[in-house]
Each structure stands twice: as structure tokens, then as C-alpha cells.
Amino acid sequence: MGLPDGFRWGVATAAYQIEGAAAEDGRGPSTWDTFAHTPGRVRDGHTGDVACDHYHRWPEDVALMAGLGVDAYRFSIAWPRVQPSGNGPVNPRGLDFYDRLVDGLLAAGITPAATLYHWDLPQPLEDAGGWMERDTAYRFAEFSYLAAERLADRVEMWITLNEPVVVMAYGYAFGVYAPGRTLMLDALPTAHHQLLAHGLAVNALRSRNARAIGLTNHYSPAWPASPADQPAADAFDAFMNRLFTDPVLLGRYPDLMADAPFVRPEDLPVIASPIDFLGVNYYHPTRLTTPAEGPLPFGMADITEYPTTGLGWPIVPDAFLSLLRTLDSRYDLPPLYITENGCSFTDEPGPDGTVDDSSRIEFLDAHVNAMRTAMDEGIDIRGYFTWSLLDNFEWAEGYHPRFGLVHVDYETQERTPKKSYAWYRDLIASAKAER
Ligand code: FCB
């Protein structure tokens with residue numbers, strides 16, 4: 001079956017992972033600057049200070065996107081560029097950057113899709129308690145309003161938050177991502193405050209006539225290691241897959257949040273404000289075990305019977321299809337966008353200078369096919385964004401994993417399109433020809 005008219009092929013990135021220019025034009029520090037500059041936090045002490053230098057090289061990167069023929073580009077707006085203290089007046093030079101980028105995209109015929117929070121919280125807000133504080137939700141709504149005031153006339157799609165579950169779990173519960181807190185289940189208020197931030201931002205964006213508004217979640221199908229581990233898998237499913245979707249689409253929390261003192265009854269209708277699309281990020285399933293002890297209701301075990309990516313993530317395109325089916329059966333879904341899907345390998349140029357990443361091509365091909373099967377079954381998917389356009393700063397793993405369609409030499413900032421770049425370009429061209 002052909003793809004519906006208007007289906008958007010895209011690529012995705014995030015500000016801290018590619019921009020660099022960490023102290024330029026009035027940008028303030030974010031939690032990720034602080035975290036990366038703390039010894040021992042990021043592999044080999046890598047930081048996003050320079051990253052892919054996209055802040056200066058964006059015209060070249062837009063040209064790379066144009067060469068791919070993508071319809072849309074998902075990028076994120078760095079809050080610490082726009083409001084360095086997370087509060088108060090806007091730093092116009094910060095917004096100027098996104099203004100230039102958006103105009104550059106439109107001139108190249110590429111639809112801008114902006115994420116407002118891809119994990120770079122202004123450090124002063126973290127100093128005041130970060131997402132553990134309800135006030136951060138109101139600050140985020142204000143920032144969203146300011147960004148939309150400047151850009152909503154040209155940005156077609158707005159994504160409030162990227163993967164709030166990762167911020168809660170990795171950032172506040174387990175301490176492996178910024179801000180590096182280890183609150184375990186005491187991190188649950190960060191879920192609610194991010195969701196409240198999302199709901200308030202939806203309304204702030206609407207008031208500035210934003211065209212399409214959604215939320216991007218990370219989903220990982222929960223596989224019990226044995227039938228006896230089903231309760232552990234259910235607990236993980238509630239924590240990872242439902243906590244950030246049930247309240248938005250069903251207007252209620254899963255049981256794990258029942259009677260939480262920080263949830264006010266009037267918050268749920270705000271969180272459930274209608275959205276225009278749901279963003280789905282998918283990488284891999286997770287195998288769950290019953291923990292002998294410890295604060296969490298589940299443990300994790302490796303999935304060993306599938307091939308893996310460079311990060312050891314199992315490659316299971318069928319799990320992507322089953323995730324899409326599960327979402328469809330669980331909710332009365334708005335249109336879906338696959339806002340991230342991709343894989344890392346240790347891609348390096350060969351002797352002839354080309355980068356042969358056939359494993360990425362295989363991965364993407366299988367996952368795009370899984371998506372198309374879901375669409376053939378009637379699931380309303382409007383676009384697919386590959387993670388990522390460029391190799392970039394992969395959080396606590398630094399620059400080691402390479403997720404890009406384009407190789408980046410971090411010494412010279414030279415960009416080399418990999419074999420997968422040509423493959424994706426051809427896929428987009430042939431999918432369009434099918435219409
Ligand atoms: C996702 C993040 C994205 C990137 C990929 C590999 O969880 O949203 O920034 O790091 O993983």
C-alpha cells in the first residue's frame with residue numbers, strides 16, 4: 001500500500017547533542033553542562049561544549065537535509081539560550097538563532113518541528129529543585145509561550161517534552177543522566193511536574209496559535225523473563241510506557257501514582273488537554289525479572305537471542321510493530337509520528353573515505369517496514385523521523401556511539417554522509433514516487 005499524502009519523512013536531533021557554542025550569545029548553563037563538566041559523569045569526560053558545532057554550521061546541516069529530500073526536521077530549542085535563568089525576560093539573541101534556522105529550513109522546503117524540552121534544564125531552575133518542584137512546570141509554560149510568540153508563525157509542529165520518563169528515571173531516580181540525583185521511587189514528583197508542564201504548555205502554545213502540538217514519549221515493550229515475572233513486566237510497563245501516556249490520553253494515572261500527595265485533582269484535566277499528535281520514540285524492548293530485593297518492583301535482564309546495536313540494544317523490529325498495536329488498542333489515539341528510531345554503531349570511514357554502515361540500513365529498513373505494516377493495519381501514522389541526522393553527543397556515553405546518517409569527525413567537524421544517507425534519500429524518493 002502506498003503512503004498517505006502528506007506523510008512526512010524526517011530526521012531528528014537535539015540542541016545539547018549537536019549545537020555546541022555553549023557560552024555564546026548569552027546562553028546560560030543547563031543541567032547537562034554541569035553534569036558533563038563533573039568528572040566521572042560522562043564517558044571520557046566528553047561535554048557538549050562544541051559538539052557538532054551546529055550553532056555555526058547549521059547552513060551546511062540544512063543542506064545535508066535538503067540533499068536527503070526530507071520533508072521535516074525535528075530539532076530542539078535550548079531553553080538556556082532563550083531564558084538563561086529559566087525565568088524572566090527573553091534573551092533575544094538566543095531566539096535569533098532558531099529564527100535563522102527556521103527560515104533556513106523553510107527556504108529549503110523543510111517543515112520545522114520543534115521540541116521545547118530535550119533535557120537541557122536551565123541550571124538555576126535545577127538549583128531551585130528542578131522537576132521536583134511544581135514551579136518548574138509554570139516556568140516551562142512561560143518559556144513555551146515565549147518561543148511560540150517568536151516562532152509559531154513558521155514552526156509547523158511543536159513537541160512539548162522529549163521522553164519525560166528518561167528525565168525522571170535516568171536523571172532523578174538512578175542518577176546516570178543530568179542532574180544525577182538518585183531518588184529512586186521518590187523521583188515520582190518529577191513525572192507529575194513534567195506532565196503538568198506539558199499540559200500548561202499545550203495551552204500556552206494554543207494561545208499563541210501554534211499549529212500542531214504533541215508530546216514525545218519513549219516506549220519499550222516489556223518482556224517478562226518467565227511467566228512468573230509477569231508482575232515485574234507489568235510494573236515496568238506502568239512505569240515506562242503508561243505513566244506518561246495514560247494521564248494525557250485517558251485523563252488518569254496508573255495505580256503507581258494513586259493518592260500521590262503532589263497530584264492536585266485540578267491538574268489532570270490540564271494534563272489531558274487535547275493534543276494533535278503523539279510522538280513515539282522506539283529503540284528496543286526490555287526483559288524484566290522479579291527483583292529479590294531493592295526499591296524497584298522490577299529487575300532487568302539482557303535480551304541475548306537477537307543481534308544488537310553498538311550500544312548492546314537488541315534489534316527487534318517486531319517489537320516495534322507490537323508496540324504500535326498495543327498503543328492502538330490501549331488508547332483512542334491521536335495521529336502518531338515516529339519522532340525517533342535509529343541505532344548506533346562504531347562507524348568510521350574506510351580507506352576510500354566512505355562509511356559503510358550496512359547494519360544501519362538493515363535496521364532502518366526493517367523498522368520502516370514494521371511501521372508500514374502497522375499503517376496497513378489502519379494505525380494512523382503521519383511521519384517518521386530517523387535518529388539522527390548527525391553523529392552527536394550521546395549523553396553519558398559521550399561521542400562514542402554514532403547514531404548519524406552523516407559521520408562527524410569531531411577534530412575537523414567534517415561531515416561525511418554514510419551509506420545509510422544515500423539509502424534513506426532513495427527510500428524517501430521511492431516512497432514519494434509510489435503515491
Ligand atoms: C533517546 C533520546 C535521544 C538520543 C537517543 C539515542 O532516548 O531522546 O536524545 O539520545 O535516545
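Residues numbered from 1 in each chain as written. Predicted model: local features only at pLDDT ≥ 70, side-chain atom pairs only at ≥ 80, totals over all residues. Heavy atoms only, no water.

### Some points on the packing of helix 8 (residues 164-173) against helix 9 (residues 188-207)
Item 1. At a closest axis distance of 9 Å, the pairing of helix 8 and helix 9 adopts a crossing angle of 150°. Between helix 8 and helix 9, the angle is such that the two are roughly antiparallel. In this structure, helix 8 meets helix 9 at a crossing whose hand is right-handed. Where helix 8 abuts helix 9, its residues Pro164, Val167, Met168 and Tyr172 lie against Leu188, Thr190, Ala191 and Gln194. (Axes fitted to C-alpha atoms, helices over the stretch in contact; angles between N-to-C directions. Helix = DSSP H or I, 4+ residues; strand = E, 2+ residues; numbered from the N terminus. Parallel < 35°, antiparallel > 145°, perpendicular 65-115°, else oblique. Left-handed = near helix turned anticlockwise from the far one by under 90°. Contact = heavy atoms within 4.5 Å.)

### Looking at the UniProt feature "active site" (unreviewed entry) in the protein chain
Item 1. Following the UniProt record, one finds the feature "active site" (unreviewed entry) at Glu163 and Glu340. The greatest C-alpha distance among the annotated residues, which extend across 178 residues, is 10.4 Å, indicating that they converge on a single site.
Item 2. Assignment of secondary structure puts Glu163 in the loop between strand 4 (157-162) and helix 8.
Item 3. Glu163 sits in the buried class, given a relative accessible area of 4%.
Item 4. Excluding residues that lie within four positions of it along the chain, Glu163 makes contacts with Trp119, Thr216, Asn217, His218, Asn281, Tyr283 and Glu340.
Item 5. Of note, Glu340 is situated in strand 10 (residues 336-340).
Item 6. Apart from residues lying up to four places away in sequence, Glu340 is in contact with Ala12, Arg74, His118, Asn162, Glu163, Val280, Asn281, Tyr282, Tyr283, Phe385 and Trp387.
Item 7. A polar contact is formed between the side chain of Glu340 and the side chain of Arg74, at a distance of 2.9 Å. (UniProt positions renumbered as here; feature names shortened; annotations may be inferred. Buried < 20%, exposed > 50% of the residue type's maximum accessible area, 1.4 Å probe, protein only. Polar contact = N/O pair within 3.5 Å; in protein donor to acceptor, adjacent residues only side chain to side chain.)

### Digging into the site of the ligand
Item 1. Near the ligand, the surroundings consist of Gln17, His118, Trp119, Asn162, Glu163, Tyr283, Glu340, Trp387, Glu394, Trp395 and Phe403.
Item 2. Within the side chain of Asn162, an N or O atom sits 2.9 Å from an oxygen atom of the ligand.
Item 3. Computed on the free molecule, the ligand has an accessible area of 300 Å², of which 96% lies beneath the protein chains in the complex. (Near = heavy atom within 4 Å. Areas by Shrake-Rupley, 256 points an atom, 1.4 Å probe, with all protein chains shown as cover.)

### Let's talk about the sheet that holds strand 9 (residues 299-301)
Item 1. Reading across the sheet, the three strands line up as 6-8-9 and stay open at both edges, with mixed pairing between neighbours. Of all strands in the sheet, those bounded by a partner on one side alone are strand 6 (222-224) and strand 9. Neighbouring strand axes in the sheet, compared pairwise and without regard to direction, differ in orientation by 50° on average.
Item 2. Note: strand 6 against strand 8 (residues 286-289), three bridges, orientation parallel. Each bridged residue has a counterpart across the sheet, and for Pro224 the counterpart in strand 8 is Leu288.
Item 3. Its contacts with the sheet put helix 10 (residues 230-242) on strand 6, strand 8 and strand 9, and the angle it makes with strand 6 is roughly 170°. (Pairing = 2+ DSSP bridges.)

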